[in-house]
Amino acid sequence: MAASERTALGPLVGAIDQGTSSTRFLVFNAKTAELLSHHQVEIKQEFPREGWVEQDPKEILNSVYECVEKTCEKMKQLNINIANIRAIGVTNQRETTVVWDKTTGEPLYNAIVWLDLRTQSTVERLLKRIPGKNKTFSKFKTGLPLSTYFSAVKLRWLLDNVEEIRKAVEDRRAMFGTIDSWLIWSLTGGKNGGIHCTDVTNASRTMLFNIHSLEWDPELCKFFDIPMEILPNVRSSSEVYGLMVCFPVFKSGALTGVPISGCLGDQSAALVGQMCFRDGQAKNTYGTGCFLLCNTGQKSVFSEHGLITTIAYKMGRDKPAFYALEGSVAIAGAVVRWLRDNLGIAKTSQEVEKLAADVGTSYGCYFVPAFSGLYAPYWEPSARGIICGLTQFTNKSHIAFAALEAVCFQTREILDAMNKDCGIPLSQLQVDGGMTNNKILMQLQSDILCIPVVKPSMPETTALGAAMAAGAAEGVGVWSLNPGDLTAVTCERFEPQINPEESEYRYARWKKAVMKSMGWETSDSPNGKPK
């Protein structure tokens, strides 16, 4: 690109993509959706006890500052004028729970990550108060089953166990939010007038939000005993929430005064970035976990097969909410990280792919990575990870292959559930997320599903979705979401290469392994009790 072309790019939109394992800031051309520059920082996950997963909210915020600063430096080197960035979108790991002090701007405890299992005893205690111990008691209000996964039980645990948070609530100093709320509040001024808000997609993951009235539900807040004054204001996914303020950490003063005008939970953002705006369109994102979402239009569809109902997006204050059916798998990319960091069988994620490629089979070995119990379609918190079918012949390459296969089998389970609920089987699967760079995984996925897998050549669809929402916001208006204006995306296709009988045989063996993973852990076992 010539220097004159670079300076004449027209309006640009930035996206903060705060995921479970990393933070990124990316800048897109609003006219062509081309990714111009980005920077990524890995985020530490802390495991203070078995089943506990935490992150430092300050580290997350500082990673955003670093990514913005570094991306702006890269853009200057490319001779791209950062003054052309007209808006910023935020997309984030959902459900992860932060409580902070609005007078000091400091977090009152580490963020409890969506994967965290410490709330199992909280869930069981709450279940005892529900007639028939019905986990789906609030399904028609929230779309969600009672589970350790969602924010309300994490917040309940914090209120029960952290004296500092209880005191801050009494003193009316406490603010609760998911990661989007923490970032937007901090970036728009923090203790000096920061905007305390969230969007409908993130709110719909708390278990405190009525997905029909689009408001916090007083009855649910009462059930979980959560004071409503600590909750953020709920806004649409595409409107101006506030302006970026100048921070001492931004040496360049970059982006001061730029509106933050898009906010979507990461899976909703990927649905938007994959242009799944029509009823029946679906995508699967392979990140730390795996998330299959199908747009059900302006009607909420309730699953009979273990999927959850969630808000897909609401593209403007006066625009309708669109809904999605979702299949959530807790462990996808996280299993590769576990093989690397915990077992040490590979130094990099790429090496895991190479190990799997060396054998091309698991040789009858099956891996169920139920490290955080099983999510959809089972919702079985007592499950734990197992590797079975081992023989003296099994080696680390077979285990690496079985780990990749596990991601594909879990996707097959939620796709089967989706097909039953929707009545119309998907003819192909649109995919995105970091793991889609693994070609063996994508081919395996096509083989196990017996349908083509379609991957866009620009894999950053989550960030793209947030940028689209921000650029399309009223008062910004640099990105058109009209179907005719959306840029056609080039894709790579993976076609099934094994016969369906073999695929079915392997899938049946996997299901057998899943059954053996269940019922391992109870909250009254020694490992289940907080010490």
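Residues numbered from 1 in each chain as written. Predicted model: local features only at pLDDT ≥ 70, side-chain atom pairs only at ≥ 80, totals over all residues. Heavy atoms only, no water.

Engineer: So what exactly am I meant to see when it comes to helix α7 (residues 179-187) here?
Structural biologist: Residues that lie three or four places apart on an α-helix share one face, since the helix turns once every 3.6 residues. With 9 of its 9 residues buried, α7 lies for the most part within the structure. Following α7 by one or two positions, Gly189 has its phi on the positive side, about 130°. (Buried < 20%, exposed > 50% of the residue type's maximum accessible area, 1.4 Å probe, protein only. Helix = DSSP H or I, 4+ residues; strand = E, 2+ residues; numbered from the N terminus.)

Engineer: Help me understand the environment of Ser517, please; the structure alone is not making it clear to me.
Structural biologist: Tracing the backbone through its elements, the reader meets Ser517 in helix α16 (residues 500-517). On a C-alpha basis, the gap between Ser517 and Thr256 in space is 51 Å, while along the polypeptide they are 261 residues apart. Not counting residues within four places of it along the chain, the set of residues in contact with Ser517 comprises Val368, Leu374, Ser382, Ala383, Arg384 and Ile386. (Contact = heavy atoms within 4.5 Å.)

Engineer: Help me understand the pattern of salt bridges, please; the structure alone is not making it clear to me.
Structural biologist: When the charged atoms of two side chains with opposite charge come close together, those side chains can pair. All told, the structure shown has 36 salt bridges when counted by the stated rule. A salt bridge links Arg24 to Glu460, with the shortest nitrogen-to-oxygen separation between them at 2.8 Å. You can see Arg24 sitting in strand β2 (residues 22-29) and its partner Glu460 sitting in the loop between β22 (453-456) and α15 (461-471), a full 436 residues away along the chain. Of the two residues, Arg24 and Glu460, neither departs from the other in class, the shared state being buried. (Salt bridge = Lys/Arg side-chain N within 4 Å of Asp/Glu carboxyl O.)

Engineer: Mind showing me how you'd approach the sheet that holds strand β1 (residues 12-18) here?
Structural biologist: In any sheet, the strands associate via hydrogen bonds between backbone groups, in a parallel or an antiparallel arrangement. Strand order across the open sheet formed by 6 strands is β3-β2-β1-β5-β14-β13, with mixed pairing between neighbours. Looking along the sheet, the strands with just one partner apiece sit at the ends: β3 (35-42) and β13 (238-243). Going from strand to strand, the sheet's axes swing by 25° on average, the running direction of each strand aside. Against the sheet, helix α2 (residues 57-77) makes contact with β1, β2, β3 and β5 (85-92), and its axis sits at roughly 145° relative to β3, the strand it touches most. Lying over the sheet, α15 contacts β1, β2, β5, β13 and β14 (259-265), oriented at roughly 130° with respect to β1. (Pairing = 2+ DSSP bridges. Axes fitted to C-alpha atoms, helices over the stretch in contact; angles between N-to-C directions.)

Engineer: Help me understand the UniProt feature "domain: Carbohydrate kinase FGGY C-terminal" (unreviewed entry) in the protein chain in this model?
Structural biologist: Per the UniProt entry, the sites bearing "domain: Carbohydrate kinase FGGY C-terminal" (unreviewed entry) are residues 283-473 in this numbering. Secondary structure content for residues 283-473 is 37% helix and 21% strand, while the C-alpha to C-alpha distance between its ends is 24 Å. (UniProt positions renumbered as here; feature names shortened; annotations may be inferred.)

Engineer: Where do I start with the confidence of the model for the protein chain in this structure?
Structural biologist: Caution applies to low-pLDDT regions: their predicted coordinates should not be interpreted in detail. Predicted confidence across the protein chain gives a mean pLDDT of 89, with 94% of residues reaching 70 or more. Note on residues 1-7: pLDDT under 50 across the span, and 9 contacts to partners over four residues away in sequence or across chains. Counting interchain partners and residues more than four positions distant, the pLDDT-below-50 stretch residues 527-531 has 11 contacts. (pLDDT = per-residue confidence, 0-100.)

Engineer: Would you explain the sheet that holds strand β16 (residues 290-297) in this entry?
Structural biologist: Overall, mixed pairing links the 7 strands, which are arranged β17-β18-β16-β15-β21-β22-β23 in an open sheet. This sheet does not close on itself; its edge strands, each paired only once, are β17 (308-313) and β23 (491-494). With strand direction ignored, the average angle separating the axes of adjacent strands in the sheet is 30°.

Engineer: Is there a simple way to think about the pairing of β5 in this case?
Structural biologist: In summary, the side chains of a regular strand alternate between the two faces of the sheet. With 7 of its 8 residues buried, β5 lies for the most part within the structure. As paired strands, β5 and β14 are joined by 5 bridges and run parallel to one another. Across the sheet, residue Gly89 finds its bridge partner in β14, namely Gly262.

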